[in-house]
Amino acid sequence: MVTEFLFNEEIQEKIIRAEKRIAAHHQEIDRIALINQKRVMDSFARHQVADFHFSPTTGYGYDDLGRDTLEAIYADVFGGEAALVRHQIVSGTHAIAIALFGLLRPGDELLYISGKPYDTLEEIVGIRGHGSGSLRDYGISYNMVPLREGRMDKQAIKEAITEKTKVIGIQRSKGYGDRPSFHIDELADVIAFVKSIKQEVLVFVDNCYGEFVETKEPCHIGADIIAGSLIKNPGGGLAKTGGYLVGQTQAIELASYRLAAPGIGAEGGATLGTLLDMYQGFFLAPHVVAQSVKGAVFTAALLEELGLETRPSSQERRTDLIQAVHFKTGEQMVAFCQAIQQASPVNAHVKPQPSYMPGYADDVIMAAGTFVQGASIELSADGPLRPPYAAYIQGGLTYEHVKLAVSAACEKTFMTEKDREKDEQSPSGNKESKF
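A brief structural summary. (Residues numbered from 1 in each chain as written. Predicted model: local features only at pLDDT ≥ 70, side-chain atom pairs only at ≥ 80, totals over all residues. Heavy atoms only, no water.)

**Some points on the overall build of the chain**
Condition: Helix and strand definitions here come from DSSP, where helices need a minimum of 4 consecutive H or I residues and strands a minimum of 2 consecutive E residues; each element is numbered from the N-terminal end. Throughout, the radius of gyration refers to the C-alpha atoms, and the reference size of a globule is 2.2 Å times the residue count to the power 0.38. The buried label applies to any residue whose accessible area, calculated with a 1.4 Å probe on protein chains only, is under 20% of its type's maximum; exposed applies above 50%, and partly exposed to all values in between. The criterion used for residue contact is that any of the two residues' heavy atoms lie within 4.5 Å. Method for areas: the Shrake-Rupley scheme with a 1.4 Å probe, in which residue coverage is limited to the protein chains shown. For the charge count, each Lys or Arg is scored as positive and each Asp or Glu as negative, with His and the chain ends excluded. Here the site of a charge means atom NZ of a Lys, CZ of an Arg, CG of an Asp or CD of a Glu.
Broken down by element type, the chain carries 11 helices and 12 strands. A compact globule built from 435 residues should have a C-alpha radius of gyration of about 22 Å, and the chain, at 22 Å, falls within 12% of that. Looking at the chain as a whole, 56% of its 435 residues are labelled buried. A separation threshold of at least 6 residues defines the contact pool for the chain, and within that pool the share at least 24 residues apart is 70%. For the chain, the exposed area adds up to about 18500 Å²; of that, 53% sits on carbon and sulfur atoms. Seen as two clouds, the 43 positive and the 56 negative side-chain charges of the chain have centres 2 Å apart.

**Concerning the nonpolar core**
Across soluble globular proteins, nonpolar side chains show a tendency to be buried alongside one another. Rules: As used in this record, nonpolar core signifies buried Ala, Val, Leu, Ile, Met, Phe, Trp, Tyr and Cys residues forming a set joined through side-chain atoms within 4.5 Å.
Within the largest apolar cluster, 87 residues are counted, with the highest numbers of intra-cluster contacts made by Tyr-74, Ile-113 and Ile-170. Counting residues per element, this core draws most heavily on helix H9 (residues 275-305), which supplies 14 residues. Core analysis: the second largest hydrophobic core is formed by 39 residues, Leu-84, Ile-98, Val-167 and Phe-204 among them.

**A look at the sheet that holds strand S1 (residues 82-86)**
Here is the rule: In this scheme, strands are said to pair when DSSP sees at least two bridges between them. Axis angles are defined between N-to-C directions and span 0 to 180 degrees, where every axis is a line fitted to C-alpha atoms and, for a helix, only to the segment in contact.
Taken together, the seven strands give an open sheet; going across it, the order is S1-S7-S6-S5-S4-S2-S3, and neighbouring strands pair in mixed fashion. Looking along the sheet, the strands with just one partner apiece sit at the ends: S1 and strand S3 (141-144). Each strand of the sheet is rotated relative to its neighbour by a mean of 20°, with strand direction disregarded. Summarising the sheet, strand S2 (residues 109-112) and S3 pair through four bridges and their orientation is parallel. In the sheet register, Leu-110 faces S3, and the bridge partner there is Tyr-142. Its contacts with the sheet put helix H3 (residues 65-78) on S1, strand S6 (225-229) and strand S7 (243-247), and the angle it makes with S1 is roughly 125°.

**Overview of helix H1 (residues 9-21)**
The condition that has to hold: The length a helix should cover is 1.5 Å for every residue beyond the first. As used here, the arc belongs to the directions running from the helix axis to the C-beta atoms. Nitrogen and oxygen atoms within 3.5 Å of one another constitute a polar contact, given that in protein one can donate a hydrogen and the other can accept it, and given that sequence-neighbouring residues count only through two side-chain atoms.
Under the 1.5 Å per step criterion, the end-to-end length of H1 is 19 Å for 13 residues, consistent within 8% with the ideal 18 Å. For H1, the set of buried residues is Ile-11, Gln-12, Lys-14, Ile-15, Ala-18 and Glu-19. Looking straight down H1, one finds its buried side chains confined to an arc of 160°; they lie on one side. Seen from the buried face of H1, the exposed residues on the opposite side, beyond 90 degrees, are Glu-9 and Lys-20. Where H1 begins, the side chain of Asn-8 points an oxygen toward the backbone nitrogen of Glu-10, at a separation of 3.2 Å.

**Re helix H2 (residues 23-46)**
Between the first and last C-alpha of H2 there are 35 Å, a value that for 24 residues agrees with the 34 Å anticipated at 1.5 Å per step. Count one or two residues on from H2 and you reach Gln-48, which has phi positive near 50°.

**Description of the packing of H3 against H9**
Applicable threshold: For classification purposes, an angle smaller than 35 degrees is called roughly parallel, one larger than 145 roughly antiparallel, one from 65 to 115 roughly perpendicular, and anything else oblique. In a left-handed crossing the near helix is turned counterclockwise from the far helix by less than a right angle, and in a right-handed crossing that turn is clockwise. Residue polarity follows a fixed list, in which Ala, Val, Leu, Ile, Met, Phe, Trp, Tyr, Cys and Pro are nonpolar, Asp, Glu, Lys and Arg are charged, and the others, Gly among them, are polar.
Viewed as axis vectors pointing N to C, H3 and H9 meet at an angle of 20°, and their least axial separation amounts to 11 Å. Relative to H9, the element H3 is oriented roughly parallel. Like other packed secondary-structure pairs, H3 and H9 cross with a definite hand, here left-handed. Contacts from Gly-66, Arg-67, Thr-69, Leu-70, Ile-73, Tyr-74, Val-77 and Phe-78 in H3 reach Leu-275, Met-278, Tyr-279 and Phe-282 in H9. For the contact of H3 with H9, the residue count by class is nine nonpolar, two polar and one charged.

**What about unusual backbone geometry?**
The omega torsion across Arg-311 and Pro-312 is -5°, close enough to zero to call that bond cis. Here Pro-312 is to be found in the loop between strand S8 (309-311) and strand S9 (323-326). In this chain, Pro-387 is followed by Pro-388 through a cis amide linkage whose omega measures 10°. Relative to the helices and strands, Pro-388 resides in the loop between strand S11 (380-384) and strand S12 (390-394). Of note, the phi angle at Glu-149 is positive, near 55°, even though the residue is not glycine. Positionally, Glu-149 belongs in the loop between S3 and helix H6 (154-160). Even without glycine at this site, Asn-347 takes up a positive phi of about 60°.

As far as function goes, none of this settles anything; it's purely spatial.
Given below as structure tokens:
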């Protein structure tokens, strides 16, 4: 193996053991990628994608056939009736806000049933920050059902649904949470359950990090509307910005009025020069996502060889890109993330430090030497600096990059740590190591 010339003997042995343990999991990921790739290819052919679909529009962007066709493809592939796919959507959080503000009205209630939402949603719903412009500021109430042993609690959900409950929110991925991500079969079960209690309730799923990891998306199993970011899975590493929403026609129409304005909705919005990247990125997405997921499984396996706790473990089935690793100390977590940055194609010379980041309650360490700023489909390692010191490692355009970067980070973090501990035990050793 080539890697035997790249890392020290101890790390190399752990790499070999790790890859042997995950070989069957990698084969399953390749199988899922093939199914998803065929669905994308069939949709491109069905909608007769041609060169002219990549042509930009300017100004109002009316009658943009390329944009409209791309949105029809998203709806088709992700199991919805309609879609919004726009570079004007700033992020996944922005896409979520568009959906929630589009669907909810004063006096309505948003009920999140997947536990505490991602940190950036707290200011949107109004449970943190000054509340100006939040759902609460508009007279829309918010409630949350805690998880029970990491799973959605049906009995508590049933008791929480009221006459005011208009939208049920579910966050598919763990985000920065210390809980499992939810598989499609779990989502199907709980969506059917809430619909049996209140048929007219609208189910929104935050689909960030989950696209193309399984063979179905939330709209395939009953979700009314989903949202995500193009600089995560569906952009395939090529989309430079943007977000999407897919769902029922009426739900997407209401969201489009929030994105633009009533009376304009999805009809306006110039695409400028973004369409080629969005089309090609979506075509590549099933393969790129598979590369990322294979990298996540390898990351878990290698760090398990080093004695760390990983969630999910290397042997668990996947539903998103995110790999959480629990480090023993905050210093160890920072050192690992800094080593990932050193193995990045962009800004490898930069040494990230924990610092404030808008939307988060704690300082965040973020290693992200990416071609597209903040792109989670590219390899990154980050997390809020708080116990249990969990770093969230996600993305990777190629498996080779993930393998090289994570192996190098393990060598630099843990082998250096062992060397330092040996020095400390010697008579002349430095006793002040922060590890």
